[in-house]
Amino acid sequence: MGQRYFGEPIRRTEDIRLTTGQGHYLDDIGAGQPVLEAAFLRSPHANARIRSIDIADALDVEGVRAIYLYEDLTGPVAEPLPVLIPHPALTAPRTPYALAKDRVHHVGQAVAMVVAENRYLAEDAAQRIVVDYEVLPAVATLDMARAAERHAHDDVPDNISAHLLQTVGDLDAGFAKATHTLEFDLHVERSASTPLEGKGVYAKWDADDSSLRVYSSTQASTSVRAAIAAKLEIPLLKVEVIAPDVGGGFGVKIAHPWPEEIMVPFAAIRLGQPVKWAEDRREHFISSSHERGQDHHVRVGFDDEGVITALDVLFYHDNGAFTPYGIINPIITSTQLLGPYKPGAYRVDFYSMYTNTVQVTPYRGAGRPQGVFVMERTMDKIAQALGKDRAEVRAANFIQPDEFPYDQGLIFQDGRPLIYDSGNYPHQLTILKDMIGWDDMAARRADAASRGKLLGVGMACYVEGTGVGPYEGAHVHIQTDGTVDVATGLTSQGQGHQTMLAQITADELGVPFEKVRVVTGDTRRFGYAVGTFASRTAVMSGSAVALAARAARAKALRVAANALECDEGDLEIVDGVVQMKGAPDTKIDLGTVAVLSNPLRYAFDKAAQAATQFQGVDDFDKPPVAEDDEPGLEGKDYYSPPRSTFASGMHAAIVEIDPETFDIHIDKYFVVHDCGRLVNPMIVAGQVHGGVAQGIGGALYEKMEYDDDGQLQNASFMDFLMPYVTEIPQKELGELELGHQETPSPLNPIGVKGAGEAGVIPVSALIASAIEDAVGFPIDSMPISPNGLYRLHERFAAGELPRVEHYAASPPAAKRARRGAATRTKKSADTPS
Amino acid sequence: MKPAPFRMYAPHTVAQAVATLAALEAEGQHAKVLAGGQSLVPVLAMRLAEPGHLVDINGIAGLDSIDVSSAGVRVGALVRHAELLRHAAANRVQPLLGQALNLVAHATIRNRGTTVGSLAHADPSGEMTAVLALTGGSVTAVSVRGEREIPAAEFFVGPLESSLAADELAVSAFFPAAPAGAGTAFVEMARRHGDYALSGVGAVVIPGRSGDEGAPAIDVRCGFLSVSETPLVLDLSDAWAAGEDSVMAAVRAAIEPQDDIHASADYRRHITGILAVRAIREALANAGNGQGDEQWEATA
């Protein structure tokens, strides 16, 4: 055996390049060459009719090459952008036009496109365009949407885009069986992916070849290509779309085609010159996508042990002004809410609502953080009502290890049954409790108290459906110099795909890792793909790469066996050399095998001579390339899973609250993560750590602040508070601990589950739990700021909020006394069903 | 996010700079002085301001010095926050400088942003505006009409508004030395490390000054940021003598915080009282640790 790479914490091959300024991002494309640049005039109003647009003054700006309005659009470009994921429950889908026709539905919607010699001039001109708007009252919040006194779209009077109800089991029987019921509301605010690099598009039309090359900072280059070809009516094979280095996506770049992805190529073709648009930060805030805003109402019935007999959830999802991505987010909330638990009966009912705000499409976690917030807060409330340990109540509701595959009885976001493939939740919880010292926090609490601080602990569990289909493919090409080119159509945004996919390839082929080159997201190299989202790269492309590499390996062995005149079963590939098992002196380089695999007439270099026609032939009755074979040493294959794999995680944190200023500090953070087999533990750790950072953003800092007119008040990094490194627990400082459990997925050839979104999902839930534990009043809305905590404290002090006291494990004697007290509080916490 | 067109000037002397400012003003042109650019450039990029002319003073020699004497610290217009922060002598003479500068944004911004520039920007959320007011410092302004020294109390006239005339260039600021035996501290609360403070308090205490009949035993003064339109300074000696609750009450009554998306006025009022007490306690501890004596020796 040569070196194995799968499972090794190999340093990311991308990093030297990306961290030393050698990356090549969208705005680097065409640098130093004459490129026209675009700026978009965007609506300053949340809801308005366009009466007229006057561009005369703008055209006077020197250097302006073109100004496009809706009236300049023709054919499919003049039609609304596509509804990417239709659903029968999505009865009133709405998408924007590439440029607003006669109506704008949110601040930031593109109204006009200016193309000029540079972006400065384009912005100068955009400023001079005069638009006469008839301003309409805006639907700025979910409350306003529900009230339906104002309308985000004239023809959707109830502001409802979709309504979906799913039920599993007999809810009434479940509530009848319950000995306790609780009913409460939970709220999660709107945040956004906010990658450091915004969106961007560069398009170059080749008039000689009638072909279009487009670079886009996207998570789905193949689908962007199809959309551009369809909209601009260009044959698909004449359109190339390449995702260059992409500076983060986190979901926002899976939505497509953006107006700019159509308009930039549209302008490049008309002007016969390359055109570029690189989104600026303000544009990103007001014209990309947001996510997470949801209001939930929960009714839960449970028995004396805390086992849930019935769970009834109604929620309202704020989908913003448009629904290009269908109702994927609320479907994920409604299904993933269940996590590692098996309630006796479950009903979930949601309404997806229009507001005059930026459209909502998936952001890392995609509906799961809200679902987990609902389920985990419910678990905490059950524990509080029964005076039980929060961990104990969770454990009482777990799906057990011998119950897999476990069918939750719902339809998941991929349109397929929600069946968990594998997991071990009780063990995972044990690991977490040991890490944090869950059963013995007394010393920590005392220490915090001595420093005048309130200490709280919280935990949250989740299950994440990852690696959704329909498919991904890969191409593995062994070159004559022994190097290996791998291509997958799925894109990369800095996750380390090049490294991870090279590890899989190297192992499958038996070549050194350094010999493998990986290309992602380039439609010239691989035309069929779905995209990078839903924690699916390792599962989907990883599996496809493994299968394609196996195909290439099989062919290599066959060709080598022929050359070495032996049975291919006697051969193995070690460090890039095909050799006889047990007799490694009988060998042939993989590069030479590649030469031999391609019968040649012409020797274009020295190595190629070996494959030319006078070098000896074994059988003159056979054609040089067999009937069912093809020249070259390549493998191409696709992986299409029956359904998603289900990763899981359990997080816990210790927080300290300043009881005077209500400052919130995360003292320690713990993660136990299970994504099946780990291809590269270092990359997984990085993904989880980064996810936790984003989750902390969502829990404590990030909130889109819309006023009642639908104006976003914090459309900059000065006022939208993405956490800095100073706000995030650091592994190096002992503030973050990461543990793994591996329950391999039986669904794919490499046993992996997705890891990309994991870290972000439970953070709001457990931070709320920990803060509640510290302050002693309920935390039912996230994010929470010191100001918000102060306000809740004032209400608590005024008797408007109940006291929350979470069970804390203590020495046995004290424990009994405490339980007695807790049981008494239980009755008052219950509400009649 | 690209600035509107502007004309750029690069004077090599203060005389050239102020002549340019005077000429532009005479023509009725809107000009801004560019030093570190940490506030101005983002505002230009977002087209929140569109001055037609920028006078870049970075090429002027002699504006980058820090002069320390027993009287105090004079800081030139091109001294970056980071330089002042690491200037040991300046911080011995007036420890509030470093205590506050540590809280000014982040290292990259401190490397470029200038202390005098932040004063001229007159942001009531700025740490250094609060320090200038609390220490009773001044700004020296030059124009073709001559030079004048503007005391802090007259320099800040409103949010983002100083008493600098359109043709004047702030060439330096003077921060008086901490009094003998004094202790100082600067505390603030921000949403994220380095953000504009929700509230901040600088304190100067001088223990053992009971010379005057009936005067409080400890002289206590605090400067506040983010809770008033211009930097606010309060003499809290009597309140401190009456107890911490009196300090909190006095502070909460005197400030005029505003609501914004990061915090309500109520919350700001609440924490400012807390922060004032903490700043005073910390300043007293620093005085007790000999901070005041050390300063005095350094300047004597």
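Note that this is a predicted model, so its numbers are computed, not measured.

Asks: Can you walk me through the overall build of chain A in this structure?
Replies: A tally of regular secondary structure across chain A gives 20 helices and 29 strands. In terms of C-alpha radius of gyration, chain A reaches 29 Å, essentially the compact-globule figure of 28 Å for 833 residues. Projected onto the principal axes, the alpha-carbon positions of chain A cover approximately 95 × 80 × 50 Å. Expressed as a percentage of the 833 residues in chain A, the buried residues total 61%. Counting contacts in chain A only where the partners sit at least 6 residues apart, residues at least 24 apart contribute 80% of the total. When the accessible surface of chain A is totalled, it reaches about 31,000 Å², and 50% of it is carbon and sulfur.

Asks: It is not clear to me how the packing of helix α6 (residues 221–232) of chain A against helix α7 (residues 259–271) of chain A should be interpreted in this structure. Could you clarify?
Replies: Relative orientation and spacing of two packed helices are given, respectively, by the angle between their axes and the distance between those axes. Residues and elements named next belong to chain A. One can describe the packing of α6 onto α7 by two numbers: an axis separation of 10 Å at closest approach and a directional angle of 55 degrees. One element, α6, and the other, α7, form an angle in the oblique class. α7 is crossed by α6, and the crossing has right-handed handedness. Touching V224, A227, I228, K231 and L232 of α6 are E261, I262, P265, F266 and I269, all from α7.

Asks: Explain the domain arrangement of chain B here, please?
Replies: How big an interface is tends to be stated in terms of accessible area lost as the parts join. Residue and element names in this part refer to chain B. Taken domain by domain, chain B comprises domain 1 (7–56), domain 2 (66–176) and domain 3 (183–294). Inter-centroid distance (C-alpha atoms) of domain 2 to domain 3 is 20 Å. On the side of domain 3, 24 residues touch domain 2, which itself brings 23 residues to the contact. The tally of links from domain 2 across to domain 3 stands at zero salt bridges. Remark: the boundary between domain 2 and domain 3 carries five residue pairs in polar contact (both at pLDDT 80 or more). Elements represented by at least two residues in the side of domain 2 that touches domain 3 include exactly α5 (96–101), α8 (127–135) and β8 (156–158).

Asks: Could you clarify how one ought to interpret the nonpolar core in this entry?
Replies: As a rule of thumb, nonpolar side chains are buried together in soluble globular proteins. Counting 146 residues, the largest nonpolar core has A:I767 and A:I771 as the members making the most contacts within it. Counting residues per element, this core draws most heavily on helix α12 (residues 265–288) of chain B, at 10 residues. Core analysis: the next-biggest nonpolar cluster, separate from the first, contains 51 residues, B:I57, B:A105, B:V131 and B:V142 among them.

Asks: I would appreciate a short explanation of the domain arrangement of chain A in the present structure.
Replies: Residue and element names in this part refer to chain A. One can read the domain layout of chain A as domain 1 (34–136 + 199–246 + 253–287), domain 2 (294–468 + 642–829) and domain 3 (472–639). Each of domain 1 and domain 2 was reduced to a C-alpha centroid, and the two centroids are 38 Å apart. If you look at the interface, domain 1 gives 28 residues, while domain 2 gives 25 residues. Between domain 1 and domain 2 the total buried area reaches about 2,100 Å² when both faces are included, carbon and sulfur atoms providing 70% of it. Along the contact surface separating domain 1 from domain 2 lie zero salt bridges. Counting across the interface, domain 1 meets domain 2 through eight residue pairs in polar contact (both at pLDDT 80 or more).

Asks: Help me out: how do you make sense of unusual backbone geometry in this one?
Replies: The phi angle of most residues is negative, glycine excepted, and most peptide bonds adopt the trans form. Residue and element names in this part refer to chain A. In this structure, P405 follows F404 across a cis peptide bond, with omega equal to -5 degrees. Within the fold, P405 resides in the loop between α11 (390–397) and β16 (406–411). For the bond from G469 to P470, the omega torsion is 0 degrees, close enough to zero to count as cis. Residue position: P470 is located in the loop between β18 (454–466) and β19 (472–478). Backbone geometry at A148 places phi at a positive 55 degrees, although glycine is not the residue there. Its place among the elements puts A148 in the loop between α4 (142–147) and β7 (160–168). The backbone of S535 sits at a positive phi, close to 45 degrees, despite the residue not being glycine. Locating S535 in the fold gives a position in the loop between β21 (516–520) and α15 (537–564). Residue classification places S535 among the buried positions, given a relative accessible area of 9%.

Asks: I would appreciate a short explanation of the confidence of the model for chain A in the present structure.
Replies: Residues shown with low pLDDT carry predicted positions that ought not to be read at fine detail. On average, residues of chain A carry a pLDDT of 94, and 97% of them reach 70 or more. Contacts of residues 811–833 of chain A to residues separated by more than four positions or lying in other chains number 24 contacts, the stretch itself having pLDDT below 50.

Asks: Which parts of the structure should I look at to understand the packing of helix α14 (residues 497–509) of chain A against α15(A)?
Replies: Residue and element names in this part refer to chain A. Where α14 meets α15, the closest approach of the two axes is 9 Å, and the angle between their N-to-C directions is 35 degrees. The two elements α14 and α15 meet at a crossing, and its hand is right-handed. Every residue of α15 that contacts α14 at H497, M500, L501, I504, T505, E508 and L509 is listed here: T537, A538, S541, G542, V545, A546, A549, R550, A552 and R553. Residues that form the contact of α14 with α15 fall into these classes: nine nonpolar, five polar and three charged.

Asks: I keep staring at the pairing of strand β14 (residues 308–318) of chain A and nothing clicks. Help me out?
Replies: Walk down a regular strand and you will see the side chains alternate between the two sheet faces. All names here are of chain A. Of all 11 residues in β14, nine are buried, a share of seventy percent or more. Strand direction decides the pairing type here: strand β13 (residues 294–302) and β14, joined by nine bridges, are antiparallel. Following the sheet pairing, F302 is matched in β14 by I308. Between β13 and β14, which pair antiparallel one after the other, the connecting turn spans five residues, and G306 there sits at a positive phi close to 90 degrees. For the segment spanning β14, helix α9 (residues 328–336) and strand β15 (residues 346–353), crossover handedness is right-handed.

Asks: I'm lost on the sheet that holds β18(A) in this one. Help?
Replies: Strands in a sheet are paired, the pairing made by backbone hydrogen bonds, and the direction either parallel or antiparallel. Residues and elements named next belong to chain A. The strand order across the open sheet built from four strands is β18-β26-β27-β28, with neighbouring strands paired in mixed fashion. Each having just a single partner strand, β18 and β28 (736–740) make up the two edges of the open sheet. Sheet twist, expressed as the average angle between the axes of neighbouring strands with direction ignored, equals 15 degrees. In this sheet, strand β27 (residues 664–674) lies alongside strand β26 (residues 645–657) in antiparallel orientation, the contact comprising 10 bridges. Bridge assignment links G649 to a residue of β27, and that residue is H673.

Definitions and cut-offs
Residues numbered from 1 in each chain as written. Chains lettered and ligands numbered in written order. Predicted model: local features only at pLDDT ≥ 70, side-chain atom pairs only at ≥ 80, totals over all residues. Heavy atoms only, no water. Helix = DSSP H or I, 4+ residues; strand = E, 2+ residues; numbered from the N terminus. Rg over C-alpha atoms; globule rule 2.2 N^0.38 Å. Buried < 20%, exposed > 50% of the residue type's maximum accessible area, 1.4 Å probe, protein only. Contact = heavy atoms within 4.5 Å. Areas by Shrake-Rupley, 256 points an atom, 1.4 Å probe, with all protein chains shown as cover. Axes fitted to C-alpha atoms, helices over the stretch in contact; angles between N-to-C directions. Parallel < 35°, antiparallel > 145°, perpendicular 65-115°, else oblique. Left-handed = near helix turned anticlockwise from the far one by under 90°. Domains from an automatic or database assignment. Salt bridge = Lys/Arg side-chain N within 4 Å of Asp/Glu carboxyl O. Polar contact = N/O pair within 3.5 Å; in protein donor to acceptor, adjacent residues only side chain to side chain. Core = buried A, V, L, I, M, F, W, Y, C linked by side-chain atoms within 4.5 Å. Buried area = accessible area lost by both parts, 1.4 Å probe. pLDDT = per-residue confidence, 0-100. Nonpolar A, V, L, I, M, F, W, Y, C, P; charged D, E, K, R; others polar. Pairing = 2+ DSSP bridges. Right-handed = clockwise from strand over helix to strand, strands pointing away.

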